[in-house]
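So the chains spell out like this:
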Amino acid sequence: MSGLRRLVLSLSVMLVGAAAAAQPAAGAGDWPRWLGPNQNGSTAGGGVFQRTPLRLRKAWSRPIGGGRSGLVVAGGRVFSLVTDGEAQVALALGAGDGTELWRVPLGPHAAESMAPVGSPVVDGEGVFVLGTDCVLRALTAASGASVWQVDLKQRFGVALRRGCESSPFVENGRVILQPGGADDHRLVALDAQSGALAWSAKGTERANYSSPVVAELAGVRQVVVHHVTPEPPQRSGLAGFRLSDGALLWSRSFEANVSTETPLWLPEDRVLLLTWNDAKLATLRREGDRFEVGTAWAKPSLRSRISPPVYKDGHLYGFDGDELVCLRAATGEAVWKQRLYAGSLIRVDDALVVLSANAGLVRVVEASPAGYREKAQLQVLQRGAQTETPPSFAGRTIFVRNDEEIAAIVVEP
Amino acid sequence: MRLALALVLLLSTRSDWPGLWGPARDGVTPGPLPLGATPSARVLWRRPIGSGFSGIAASAERGFTGESDGTDDQIVCFDLATGREVWRARLGPTYRGHDGSKDGPISTPTLDDGRVFVVGPKGGLFALDGASGRVIWRHDLKTDYGAAEPSYGFGTSPLVVGPRLVVQVGGSTHNLAAFDKTDGRLLWAVNHAKTTGYASPVLATLAGRAQVVVHAAEAVYAVAPEDGARLWSHPLGSAGESDRAPLALPGDRVLLSRWEESRLLQIEAVAGGFAAREVWKSPRLRGSYSPTLLHAGHLYAMGGPTLHCVDPADGRVVWREKVYAGSLILVDGQLLHLGEQSGELRVATASASGYRERLRTPVFNAGATSTTTPSFGAGRVLLRNVEEIVALELR
């Protein structure tokens, strides 16, 4: 894969440019949505972690309440959904010191869920939040004032056991979300200004708890969805819907195994699908209007339950149970493994920012196939507290949260 | 002399931990555990163990637990003084973790009269010689007795009641069965429920009658140990998989803890038999695999990451303390809490007046999964996770 490095690099530069252009108010260096600006857990950080020796420092921390909703950072504000176990709220904090800016109560939890899961998304002056109550709310980022709201249960017939857990995103002035509704409303696009329905896609299968991402595959801008077959034995699959009008482009269900994981778009028209028990790399080819879906490989690896792996220069870095692994993306074969215990990660430049699921540790590790090399480590959250949210990175700061607190970590000058 | 010997025998018996959740399957042992003014923990030994959630059973000198060696699931016998392995017995090919679970056995071995009884994750029921690990008899619960394999493999621990070995088999032909513990002969089988899970039966005396209390997915019920005849049953209204053993409480009460909630039942003798009446239900006491403990009239229960002290009369929370997910036992009035992910052991005096932590010490690597309930045998705390066993002395 190393021969493709230049192509990959130029492609990711183009992607960053495209994302920034689409979101004028969420400046470069923001983390405006689930898994960051590119929806793949990777971002540019201006070389912030290159310093040697690298020392991390906790800038601030504060109690935040429960839940595993991601931390979204834009325009100097941090947004997330939290719960006190009974009521859930959308919360905005100052990114610099954690000061609470506003909070907006959401509806009650679904009976089977006690924690908000979906992440807010910021676009321009607006922030869009979807709690387990399945009401999509458009709020002003500055004050949390309500602009519009749509009850997905009433509007799209959503009846999910755990309520809505999917993270919406905004693209070209439209909020794209997976309501997991009745047949006609697997995926919908709403006008970000008004909440009016732009299009609604019939999915072939259910897409309940995962989050959609936008990708360019075989030359077509599309929304990639991880769906699950409704009938047992359940199977996970992928589908692509045209971004402009929601037309179904392709759909494929794979052999056994499911999850709620977000699909990961890779260069060269590939999409990684993760289940609780394996990883599959799907390949897309197009001839005219017809897409062909193949499988490059499928392996019992990358069995994470928090977030997808990250990609860099032909390699995937992610958790497989208790191990951080580096795989060759082309073949799925392992390059190295390091036992760190369960966790999640993002990539900033050529550094992995790794957050342990239960030990409260943040590690900065080189994203390199040469081996596991840890550059810095900091005990940030309480040992033993459950941490099911991947880190976020914005400006020059790492943000982490778990079921009780949020913390901001900076590099020591 | 004879009295002294009897006393020694009594003490050694009391210090044993013959299986799941200790001597009475309630997580409680009298110890003794003499703690100083400033308690401390000393690691006596530490040894590697393969993956598995199986608990440690302990006789006076030996410990027994289940593991995966990477290829096969095994029962391992080790010396309590040194941790040195004495024997191992193969249960079958390793049960592979899936959907987030770990490889290896879940069932905790049951010790009785020199024998070790255990259920392998694929449904093998084994009677082993405690001295050598030799198989005395074995059954396959799936092929021989029509059991259905639970989602994460079999996890039930057999219960010895006199000459019988009572096993929560599952399935619809031998849902609950008793075997002759000597030769494995089937003595009775009853079908008061259809499903099973990972829960284990307990022996209790309720309303003056010795009974085996069973937590099935759809109901909690009790049977006569002699023939399996149903004494009472209380529907639970959900068909999830049951995980924890019921807890019998003084005053003819049963606490039933499920992933979603806990309920307290009052068992009463009525004309022609027994009846169960639900006294209270608490959604706070949920989301844990830990036994709930009774001490001096109060319950100590995990609810997710929080330790609760609860009044058993009405379920009222007297106090609560966030200690993070983990499993409890009670030794000589001290609560021992092993963090499920922190790898820390906390020791706190059980008291209704508040959480009083005496000691907190790291035992395992932070982040390593430690779902297994602690054991206490031969005066030492025996802890395991999915990679190590540690014997601790608390003083």
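Since this is a predicted model, take the numbers as computed values, not measurements.

Peer 1: Explanation requested: the side chain of R384(B) in the structure shown.
Peer 2: Residues and elements named next belong to chain B. The topology assignment puts R384 in strand β32 (residues 380-384). Buried and without a salt bridge, R384 has E67 as its closest oppositely charged side chain, separated by 6.2 Å. There is a polar contact of 3.2 Å between the side chain of R384 and the backbone oxygen of S54. Among the polar contacts made by the side chain of R384, one reaches the main-chain carbonyl oxygen of G66 at a distance of 2.4 Å.

Peer 1: Just to check I follow, could you spell out the confidence of the model for chain A for this structure?
Peer 2: Detailed conclusions should not be drawn from predicted coordinates in areas where pLDDT is low. Here chain A averages 90 in pLDDT, while 92% of its residues score no lower than 70. Segment residues 1-26 of chain A: pLDDT under 50, and 27 contacts once partners within four positions in sequence are set aside and those in other chains are kept.

Peer 1: Before we go on, may I ask you to explain unusual backbone geometry in this structure?
Peer 2: Working note: non-glycine residues mostly have negative phi, and peptide bonds are mostly trans. Between T52(A) and the following residue, P53(A), the backbone shows a cis peptide bond with an omega angle of -5°. In this structure, P53(A) sits in the loop between β1 (42-43) and β2 (56-63). The amide bond that connects G31(B) to the next residue, P32(B), takes the cis arrangement and shows omega of 5°. At D349(A), a residue that is not glycine, the phi angle is positive and equals roughly 55°. Relative to the assigned elements, D349(A) resides in the loop between β27 (343-348) and β28 (351-356).

Peer 1: I'm lost on the pairing of strand β18 (residues 230-235) of chain B in this one. Help?
Peer 2: Residue and element names in this part refer to chain B. Judged from the 5 bridges that link them, strand β17 (residues 219-223) and β18 form a sheet pairing that is antiparallel. Bridge pairing in β18 links Y221 to S233. Connecting β17 to the next strand, β18, in antiparallel fashion are 6 residues, including G228 with a positive phi near 80°.

Peer 1: Explain the sheet that holds strand β22 (residues 290-299) of chain A here, please?
Peer 2: The strands that make up a sheet pair up through hydrogen bonds in the backbone, lying either parallel or antiparallel. All names here are of chain A. The strand order β19-β20-β21-β22 describes an open sheet built from 4 strands, whose pairing is antiparallel. The two strands at the open ends of the sheet, each matched to only one other strand, are β19 (264-266) and β22. Put simply, the sheet's adjacent strands are angled 25° from each other on average, direction ignored. Pairing geometry for strand β21 (residues 279-287) and β22, over 9 bridges, is antiparallel. Opposite E287, over in β22, you have R290 as the bridge partner.

Peer 1: Hey, could you run me through the pattern of salt bridges in this one?
Peer 2: Pairing between side chains of opposite charge can happen when their charged atoms approach one another. Residue and element names in this part refer to chain B. All told, the structure shown has 45 salt bridges over all chains when counted by the stated rule. Between R209 and E226 there is a salt bridge; the shortest N-O distance is 3.0 Å. Taken together, the residues span a long stretch of sequence, with R209 in strand β16 (residues 209-215) and E226 in the loop between β17 and β18 at a distance of 17 residues. Residue class for R209 comes out partly exposed when judged on its relative accessible area of 24%. On the basis of relative accessible area, E226 is assigned to the partly exposed category, the value being 41%.

Peer 1: Sorry if this is basic, but what is going on with the confidence of the model for chain B here?
Peer 2: Considering every residue of chain B, the mean pLDDT works out to 93; 96% of them sit at 70 or more. Here the prediction assigns the complex a pTM of 0.89, and the interface score ipTM is 0.84.

Peer 1: What is the right way to look at the sheet that holds strand β23 (residues 293-295) of chain B in this model?
Peer 2: All names here are of chain B. Spatially, the 4 strands line up as an open sheet ordered β23-β24-β25-β26, and their pairing is antiparallel. Sheet topology places β23 and β26 (317-322) at the edges, where each strand pairs with a single neighbour. Along the sheet, successive strands turn relative to each other by an average axial angle of 20°, direction set aside. Relative to β26, strand β25 (residues 306-310) runs antiparallel, the two being bridged by 5 bridges. By the bridge assignment, C309 is partnered in β26 with W319.

Rules used in this analysis
- Residues numbered from 1 in each chain as written.
- Chains lettered and ligands numbered in written order.
- Predicted model: local features only at pLDDT ≥ 70, side-chain atom pairs only at ≥ 80, totals over all residues.
- Heavy atoms only, no water.
- Helix = DSSP H or I, 4+ residues; strand = E, 2+ residues; numbered from the N terminus.
- Buried < 20%, exposed > 50% of the residue type's maximum accessible area, 1.4 Å probe, protein only.
- Lys, Arg positive; Asp, Glu negative; His and termini not counted.
- Salt bridge = Lys/Arg side-chain N within 4 Å of Asp/Glu carboxyl O.
- Polar contact = N/O pair within 3.5 Å; in protein donor to acceptor, adjacent residues only side chain to side chain.
- pLDDT = per-residue confidence, 0-100.
- Contact = heavy atoms within 4.5 Å.
- Pairing = 2+ DSSP bridges.
- Axes fitted to C-alpha atoms, helices over the stretch in contact; angles between N-to-C directions.

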